Structure formats: structure tokens, C-alpha cells
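Structure assessment
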Amino acid sequence: GDWSSDVCSSDLEKRGLVVSETGTVKRIEFFWDPICPFAWMTSLWLRRVAVLRDIEVEWRFINLSILNEERDYEAEFPEGYREGHNRGRRMLRVAAAVRADHGAPAMGPLYEAFGRSIWYRVPEPGEDMRAMIGTPEHLCAVLDAAGFDTSYADAADDASLDDILRAGTEEAVGRTGRDVGTPILSIDPPDGPSFFGPVISSVPESDEECLEMFDATLTLARFSTFSELKRSDRLQLDLPVVTGRPD
């Protein structure tokens, strides 16, 4: 039948299902933390889809150190995760300061600069790639690459900006539930579906495959009765910092 017809839509709504046309998405909110490589990979895919489908993307804040502050890092996470998440907080404080002066559109190029600076380095043997992330030198280089004044790097030490990060984090998980990670996507908010993911190891090669994944994701997400489809046996992230191969 016609998914957009009044009869079909009414029938689905009576059964507790959210109805949204996969081809009519106008706007997506993408909640990102620059320290998450999976969020970065998903963002590359979504940028490509956004161009192909003429979708507006707003890059919103979610911070993993705030999201997980009540969890036991030593018992529940691999070594170094607390430090990494705290470095993500430093980067997002800088992003919050930039957004306050330059608005939401500034977040696209800034997130791009953060991602390129972190995930496309091939570390030396034995090097801890986290050591350079969120340092004043790193932050200044990212700001310069994105076209913003390097003085914003000072915001990394401004704990008052955490209120903004916390508000974004709470809004994100308020849409999905708390047992999630990054990224979180909201489709045509506030009325469309929100979900954690998709978590991918690489961006599909062709435009057609990118759109196929997008439409498949939305097909599942529009059913309010659907919550999870997961497997942990997955391919290695296709990023130089992981593979050791230059891009």
C-alpha cells in the first residue's frame, strides 16, 4: 500500500508506530563527541548523504565523560578511556565557545578539523596518540585549520562551559534513553525518531550504498516498537590511526 496514505498512516498510528517518509527528511541533528572514532565515521557517511539528499545537518554536543560520569571507569572501560573522554570534554568546551560567537553553522567545519587532526595520523610505534589530543598546541592547530581565532583554545579550561555540554547530553539521551553512546541522530526533530548509531567501520563506497544504508536505518527507526539490532563481531575501523596506513 501507499505508506503516505491517510488510511495506512492512521492504521500504523493505532498500532503505536511512528510513520516518516525516508525520502522527505529535511533536517538531522547529530550529537557528537570529537573523541569518539565511531561518531566520526558515521559523520563522514552522513555528510555524504546530506549532500545527496539536500538535508540540513546541525552538529550538537554530547559528552562521553558526562554521559558516563556515574559509571565505574576502572571496572567497566578499558584503560585510558577516562582520560580520553576528559580530553573530549576539553575539545567540546572549545567548540561551545566558538558556537557562542559564531553560531551553529560553525560546528560543521570545526568538527571536520577535529576529526582530521585526530583520526588521520599514523602513530609511531609505542606512541600514545591520546597524549596530543586536547593540548593547547592541538587545539590551536584545529582552530587555525577551521578558520577560527586560536584564542578559543583557552576555553578548554573553562569548566563553566560544562553546563552547555551537560544540557546537550541530557537532551540527546532524553530522546533515546540512557543506555547509549555516540553518535545520536535525531531525524526532523522534535517529532521524528532519534537513535544511537548507526555504528559503522567504514563509509560505504558508492553513493547508492550510502543512501541504501540511510534508508534502511530510517525504515527501522520509524517503528517506535523497534529498539535494537546489534553485533559486536565487526571489521576494524578504517582510519589511519587504527590501521597504521596513511589515508
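The notes below deal with the structure included here. The structure presented is a predicted model; accordingly, all values stated were derived computationally and were not measured.

**Comments concerning the environment of Ala100**
Along the chain, the position of Ala100 falls in helix α5 (residues 81-102). Exposure remark for Ala100: the relative accessible area of 63% places this residue in the exposed category. A C-alpha to C-alpha distance of 34 Å links Ala100 and Pro204, two positions 104 residues apart in sequence.

**Observations concerning a negative patch on the surface**
Taken together, Glu205, Glu208, Glu209 and Glu212 make up a surface patch of like negative charges. Secondary-structure assignment places Glu212 in helix α9 (residues 207-221).

**Structural notes on the packing of α5 against helix α7 (residues 136-146)**
Viewed as axis vectors pointing N to C, α5 and α7 meet at an angle of 40°, and their least axial separation amounts to 11 Å. As far as their axial angle goes, α7 and α5 are oblique. Where α5 crosses over α7, the handedness of that crossing is right-handed. Of the residues in α7, those in contact with Arg90, Met91, Val94 and Val98 of α5 are Pro136, His138, Leu139 and Leu143. For the contact of α5 with α7, a count of residues per class yields six nonpolar, one polar and one charged.

**Points about helix α6 (residues 107-119)**
When the terminal C-alpha atoms of α6 are compared, their 18 Å separation across 13 residues agrees well with the 18 Å that a helix rising 1.5 Å per residue should span. Taken across its 13 residues, α6 has ten buried, putting it largely inside the fold. Here α6 has its buried residues at Met107, Gly108, Leu110, Tyr111, Ala113, Phe114, Gly115, Ser117, Ile118 and Trp119. The inward-facing, buried residues of α6 abut β1 (27-32), α2 (37-53), β2 (56-61), α5, α7 and α10 (240-243).

**Considering unusual backbone geometry**
Note the cis peptide between Thr182 and Pro183, where omega equals 5°. With respect to the secondary-structure elements, Pro183 resides in the loop between α8 (162-176) and β3 (184-187). Each neighbour pair has its own omega, and for Gly197 with Pro198 the value is -5°, a cis peptide bond. Checked against the element boundaries, Pro198 lands in the loop between β4 (194-196) and α9. Although it is not a glycine, Asp54 adopts a positive phi angle of roughly 55°. Locating Asp54 in the fold gives a position in the loop between α2 and β2. Its relative accessible area of 67% is what places Asp54 among the exposed residues. In this structure, Asp188 is a non-glycine residue whose phi angle is positive, near 45°. Structurally, Asp188 is set in the loop between β3 and β4.

**Some details on the nonpolar core**
If you look at the biggest cluster of nonpolar residues, it comprises 67 residues, and the most contacted ones within it are Trp32, Val98, Met107, Leu110 and Phe214. Element by element, the count of residues in this core is highest for α2, at eight residues. Residues within four places of Trp32 in sequence aside, it is in contact with Trp59, Arg60, Phe61, Ile62, Leu92, Ala95, Met107, Tyr111 and Phe114.

What counts and what doesn't
Residues numbered from 1 in each chain as written. Predicted model: local features only at pLDDT ≥ 70, side-chain atom pairs only at ≥ 80, totals over all residues. Heavy atoms only, no water. Helix = DSSP H or I, 4+ residues; strand = E, 2+ residues; numbered from the N terminus. Buried < 20%, exposed > 50% of the residue type's maximum accessible area, 1.4 Å probe, protein only. Patch = residues over 30% accessible without salt bridge, like charges linked within 9 Å, V, L, I, M, F, W, Y side chains within 5 Å. Areas by Shrake-Rupley, 256 points an atom, 1.4 Å probe, with all protein chains shown as cover. Salt bridge = Lys/Arg side-chain N within 4 Å of Asp/Glu carboxyl O. Lys, Arg positive; Asp, Glu negative; His and termini not counted. Charge placed at Lys NZ, Arg CZ, Asp CG, Glu CD. Axes fitted to C-alpha atoms, helices over the stretch in contact; angles between N-to-C directions. Parallel < 35°, antiparallel > 145°, perpendicular 65-115°, else oblique. Left-handed = near helix turned anticlockwise from the far one by under 90°. Contact = heavy atoms within 4.5 Å. Nonpolar A, V, L, I, M, F, W, Y, C, P; charged D, E, K, R; others polar. Expected span 1.5 Å × (residues − 1). Core = buried A, V, L, I, M, F, W, Y, C linked by side-chain atoms within 4.5 Å.

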